[in-house]
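Observations on the three-dimensional arrangement
Residue-level listing of the chains:
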2 protein chains.
Amino acid sequence: ENIIESEPIVYRRILVPQPGGKEYCTDSGLVVPSISYSLHKKLLCVAEKHGLSVERRLEISGVCASQMALTLLGGPNRLNPKNVHQRPTVALLCGPHVKGAQGISCGRHLANHDVDIILFLPNFVKMLEPVTNELNLFCQTQGKQVPNVKDLPDCPVDLVINCLDCHENAFLRDQPWYRAAVDWANGNRAPVLSIDPPVNDQEQGIHAKWSLELGLPLALGEQAGRVYLCDIGIPQKVFREVGISYHSPFGCKFVIPLHSI
Amino acid sequence: ENIIESEPIVYRRILVPQPGGKEYCTDSGLVVPSISYSLHKKLLCVAEKHGLSVERRLEISGVCASQMALTLLGGPNRLNPKNVHQRPTVALLCGPHVKGAQGISCGRHLANHDVDIILFLPNFVKMLEPVTNELNLFCQTQGKQVPNVKDLPDCPVDLVINCLDCHENAFLRDQPWYRAAVDWANGNRAPVLSIDPPVNDQEQGIHAKWSLELGLPLALGEQAGRVYLCDIGIPQKVFREVGISYHSPFGCKFVIPLHSI
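To keep things clear, this report deals only with the structure shown in the data block. (Residues numbered from 1 in each chain as written. Chains lettered and ligands numbered in written order. Predicted model: local features only at pLDDT ≥ 70, side-chain atom pairs only at ≥ 80, totals over all residues. Heavy atoms only, no water.)

Here we look at the state of the cysteines
- Evaluation of the coordinates by the stated rule reveals zero disulfides over all chains.
- The closest cysteine sulfur to the non-disulfide-bonded A:Cys163 is located on A:Cys94, 4.7 Å from its own sulfur.
- Cysteine B:Cys64 remains unbridged, with the sulfur of B:Cys230 as its closest cysteine sulfur at 4.1 Å.
- Overall, the relative accessible area of 0% leaves B:Cys64 in the buried class. (Disulfide = S-S within 2.5 Å. Buried < 20%, exposed > 50% of the residue type's maximum accessible area, 1.4 Å probe, protein only.)

Put into structure tokens, the structure is as follows:
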């Protein structure tokens, strides 16, 4: 019998130093373990040291998140030159931190692709430089920025993108604008995509239909909805430097669905 | 009769101050005019002024060019976990300039997606900062850099990516390493993808099967092969600032084919 034996497929190709509390798998069965917030932060920090700056990360995460959002909005069926008078509307809710800046970058790319963007970002006297830079670029699009929740649309939008939360600014959740934005999102009937949400035990936040994780996932709870993973361009040796044995689970994609196991 | 009249489709939605010598159209018939090299340069320069830095451009063009290359290599059929022992090989030919850095960024993203990359970049005592930065990041992947043409593979690779040429360093074409790289590419039987090639009248260069243009196309000649256009995230008002009335031809995509008309 001439059966050529192929090498067995290894499904566990990402090994992390501490288990993060949850494991996921890809459509093809590859195991993707979650990591802790502190290890995720260290990974980004080492990547920055090697030149993968915050600016680069904002650009790649903005492009990939907008590609995912364009698919969720209907892709080529919705966005084609014969449909110019049926442009989709997206409400983008951002806090004043790098996670908010990631959202603004996504919003710029969506606006560049004919999506009607309403960006909610409260007015602050002084903001972090990455947020200001993203905002300046966003202002060059046809997108609209509103500083008050009351300026958000009354009717359902096509999609809400949630970038309000951040691990390190949990105190923002007590502020009136934050509460008002959460109430608005929960009152609007649009589905919600959360980008890079924190692990959140409290149940009062925004319930997402989808969540997009960056690089490697955290152990997200139920309210994160269906989890997707985004390639943010971190090379293998950077993973190794923080103790992660990494082999890309992405195949030819930059955004893939993950399933809880 | 209750026929709802829809608005007529406008196919000419990009208007440029000077015609660039050639017009293209998209799959859906939208007209995309070419622009001159000097107007293209001015467009990038104004984009940089608004915060779309060279670093950001390197990241977005790297991501989108690698997405195109992954498709050319066979997409999900070729790159899946059952095929780990059939990794595609790409030879990447780069000159010591920003166009070369664009290629290195593309090479990093391909290496991150399990493509075997052999980067040819000659040794120079001092290189431009964007080139050095990209090279540092590339060195964190499993990709290999070779400084001599003789270290490029003898057998045909799956794809050659050509980033040797640049409008402003035409003198490089007379250097021995450049001539050797062109001869190697023309001798290898692999198809060639050129990223952001200059308009080139001379016929001694590398003939591409595909060329990827950034933002708006130049009037490329026959040896550019089939032309594709990449969205590099420039917002509408930046186009307007250089006198271009712009409406995205991309629909929900970031890379689209263009056809000569």
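Having seen the model, we can carry on.
Describing the interface of chain A and chain B
- Residue-level contacts link 53 residues of chain A with 53 residues of chain B.
- Together, the buried faces of chain A and chain B total about 4700 Å²; carbon and sulfur atoms form 57% of this surface.
- Applying the counting rule to chain A against chain B returns six salt bridges.
- The tally of links from chain A across to chain B stands at 29 residue pairs in polar contact (both at pLDDT 80 or more).
- Sort the elements by how many residues they give to the side of chain A that touches chain B and helix H2 (residues 54-72) of chain A lands first, with nine residues. (Contact = heavy atoms within 4.5 Å. Buried area = accessible area lost by both parts, 1.4 Å probe. Salt bridge = Lys/Arg side-chain N within 4 Å of Asp/Glu carboxyl O. Polar contact = N/O pair within 3.5 Å; in protein donor to acceptor, adjacent residues only side chain to side chain. Helix = DSSP H or I, 4+ residues; strand = E, 2+ residues; numbered from the N terminus.)

Digging into the environment of B:Gly75
Residues and elements named next belong to chain B.
- Positionally, glycine 75 belongs in helix H3 (residues 75-78).
- The class for glycine 75 is buried, based on a relative accessible area of 5%.
- In this structure, the C-alpha to C-alpha distance between glycine 75 and aspartate 114, residues 39 residues apart in sequence, is 12 Å.

With respect to the packing of aromatic side chains
All names here are of chain B.
- Overall, the coordinates contain eight aromatic pairs over all chains when judged by the stated rule.
- Pairing phenylalanine 120 with tryptophan 177 gives two aromatic rings, centres 6.4 Å apart and planes at 50°, and the pair type is tilted. Placement of phenylalanine 120 in strand S4 (residues 116-120) and of tryptophan 177 in helix H6 (residues 176-187) is noted, with a sequence separation of 57 residues between them. Across the pair, exposure class does not vary: phenylalanine 120 and tryptophan 177 are buried alike. (Phe/Tyr/Trp six-rings, centres within 6.5 Å; stacked < 30°, edge-to-face > 60°.)

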